[in-house]
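# Geometric and topological summary
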Amino acid sequence: MTIRLPGADGRLRVYEPRREPLAVSTGVPFTSRTVFAAAHVVADPYADVSPDSPAAVDWDATLAFRRHLWSHGLGVAEAMDTAQRGMGLDWAGAAELIRRSCAEARSAGGRIACGVGTDQLAAGSLEEIRTAYEEQLAVVEEAGAQAIVMASRALAATAKAPEDYLETYGRLLRQTADPVILHWLGSMFDPALEGYWGSGDLDAATAVFLEVVAAHPDKVDGVKISLLDAQREIDLRRRLPPGVRCYTGDDFHYPELIAGDERGFSDALLGVFDPLAPPAAEAVRVLDTGDVQGFRELLDPTVELSRHLFQAPTRFYKTGVVFLAWLGGHQKHFTMVGGLQSARSLPHLAKAYELADGLGLFPDPERAETRMRTLLSLYGADR
């Protein structure tokens, strides 16, 4: 049976869905790379809320998805931008998410790291920003998770010079209990972060970022780079102090960056590993055996889907991530906190379905097809 999908030109095209899911297995944690999937949250579809209301989260479904990620050997990067921090999920909701997910991680024996930011504030002085970071750090450490220090919209708006970043991050790092991951999120993911580290020039910004790391190498487990620039990431990771990891956040070039070269490799902390968890985990297990070619053969075909999900405006990639979770049976609905299910067009979602189905991502292809047909009917595209 075929299905008619709308294209970018507005015309319907015939697609024949795949009938067999990709064969993958769950497994133990990896040995050659440290890999986190930044996980999405599942909204409560029955909550009577508006897009600007505090997020109503379906906690059972949200935690069940984290167990799915852990079952494949992936770590969970919690309360990151994939979880709609600043795009539907406020700090109060993020703090509750952190506490619940950390308790679930202890129960499941899963690895977890959690985002630390300043989203209690829309704006503020440098002192207020430092206090906001400290408050969130305390919540994450109390919950027993590794901290991921995220870029701050408030700091980007307030800082006048690179020294403001050096002082803010230096003060925070001096008081962390354990080594953290520093996250540099590019402006393509969040326009409010333009000019982060005190300069719109990426070479100058990189120098400041590396200065923060070099001043506190014992407090930095690694850095997460989300600039969608493979060569810049490679250049930066070669300049890191010994023992400091580079976690790729590049959803366009992750296979080559994780595979690495004779001078090193990137570990991974990726939003796209939320929908790609099974094949990504399978690929890393192959890499654990030293089979780089086999790793690339498994992971390279996923890049087309990832590039589609993360196409501009990149910050709306979360819509595609949640859409695929619905089609894959990980949640019962396609509703998002903040109403973000409306952020991508029907042709975009149809292409995401086609690419994911072609990869065999759906455990039950017939259910995915039925749900795709349901969405098409809601748009009047089943004529």
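The structure presented is a predicted model; accordingly, all values stated were derived computationally and were not measured. (Residues numbered from 1 in each chain as written. Predicted model: local features only at pLDDT ≥ 70, side-chain atom pairs only at ≥ 80, totals over all residues. Heavy atoms only, no water.)

## Comments concerning the overall build of the protein chain
Each helix and strand counted, the protein chain has 14 helices and 10 strands in total. For 383 residues, the compact-globule estimate of 2.2 N^0.38 gives 21 Å, and the protein chain sits close to it at 20 Å. Taking contacts inside the protein chain between residues at least 6 apart in sequence as the whole, the part at least 24 apart equals 70%. Carbon and sulfur atoms form 50% of the exposed surface of the protein chain, whose accessible area is close to 15,300 Å². Between the centroid of the 38 positive side chains of the protein chain and the centroid of its 53 negative side chains there is a distance of 3 Å. (Helix = DSSP H or I, 4+ residues; strand = E, 2+ residues; numbered from the N terminus. Rg over C-alpha atoms; globule rule 2.2 N^0.38 Å. Contact = heavy atoms within 4.5 Å. Areas by Shrake-Rupley, 256 points an atom, 1.4 Å probe, with all protein chains shown as cover. Lys, Arg positive; Asp, Glu negative; His and termini not counted. Charge placed at Lys NZ, Arg CZ, Asp CG, Glu CD.)

## Some details on the layout of surface pockets
Put simply, the largest pocket is a space of about 410 Å³. Considering the residues around the largest pocket, the lining is formed by 23 residues, among which Arg-85, Gly-86, Asp-119, Arg-153 and Asp-190 are closest to the centre. Mapped by element, the contributors of at least two residues to the lining of the largest pocket are helix H4 (153-158) and strand E7 (180-185). In terms of residue class, the lining of the largest pocket is built from 10 nonpolar, 5 polar and 8 charged. (1 Å grid on protein atoms, 1.4 Å probe; cavity = no way out; pocket = protein on both sides within 12 Å on 5 of 7 lines; lining within 4 Å. Points joined across faces, edges and corners; volume = space filled by probe spheres on them. Nonpolar A, V, L, I, M, F, W, Y, C, P; charged D, E, K, R; others polar.)

## Some remarks on the pairing of strand E5 (residues 112-116)
Burial within E5 is extensive, with 5 of its 5 residues counted as buried. Both faces of E5 are covered, namely the face carrying Ile-112, Cys-114 and Val-116 and the face carrying Ala-113 and Gly-115. Summarising the sheet, strand E4 (residues 75-78) and E5 pair through 3 bridges and their orientation is parallel. Within E5, the position partnered with Ala-77 by the bridge is Ala-113. The β-α-β motif built from E4, the intervening helix H2 (residues 91-108) and the parallel element E5 has right-handed crossover chirality. (Buried < 20%, exposed > 50% of the residue type's maximum accessible area, 1.4 Å probe, protein only. Pairing = 2+ DSSP bridges. Right-handed = clockwise from strand over helix to strand, strands pointing away.)

## Notes on helix H12 (residues 317-327)
Burial runs high along H12: 11 of the 11 residues are buried. Within H12, burial applies to Tyr-317, Lys-318, Thr-319, Gly-320, Val-321, Val-322, Phe-323, Leu-324, Ala-325, Trp-326 and Leu-327. Tucked inside the fold, the buried residues of H12 contact helix H11 (303-309), helix H13 (346-359) and helix H14 (365-378). Note on H12: the residue one or two positions beyond its end, Gly-329, has a positive phi of about 85°.

## Side note on the packing of H2 against helix H3 (residues 126-143)
Following both chains from N to C, one finds H2 and H3 inclined at 20°, their axes separated by 9 Å at the closest point. As the angle between them shows, H2 and H3 are arranged roughly parallel. Where H2 crosses over H3, the handedness of that crossing is right-handed. Listed contacts from H3 to Trp-91, Ala-95, Ile-98, Arg-99, Cys-102 and Arg-106 of H2 are Glu-135, Gln-136, Val-139, Val-140 and Ala-143. Split by residue class, the contact of H2 with H3 holds 7 nonpolar, 1 polar and 3 charged. (Axes fitted to C-alpha atoms, helices over the stretch in contact; angles between N-to-C directions. Parallel < 35°, antiparallel > 145°, perpendicular 65-115°, else oblique. Left-handed = near helix turned anticlockwise from the far one by under 90°.)

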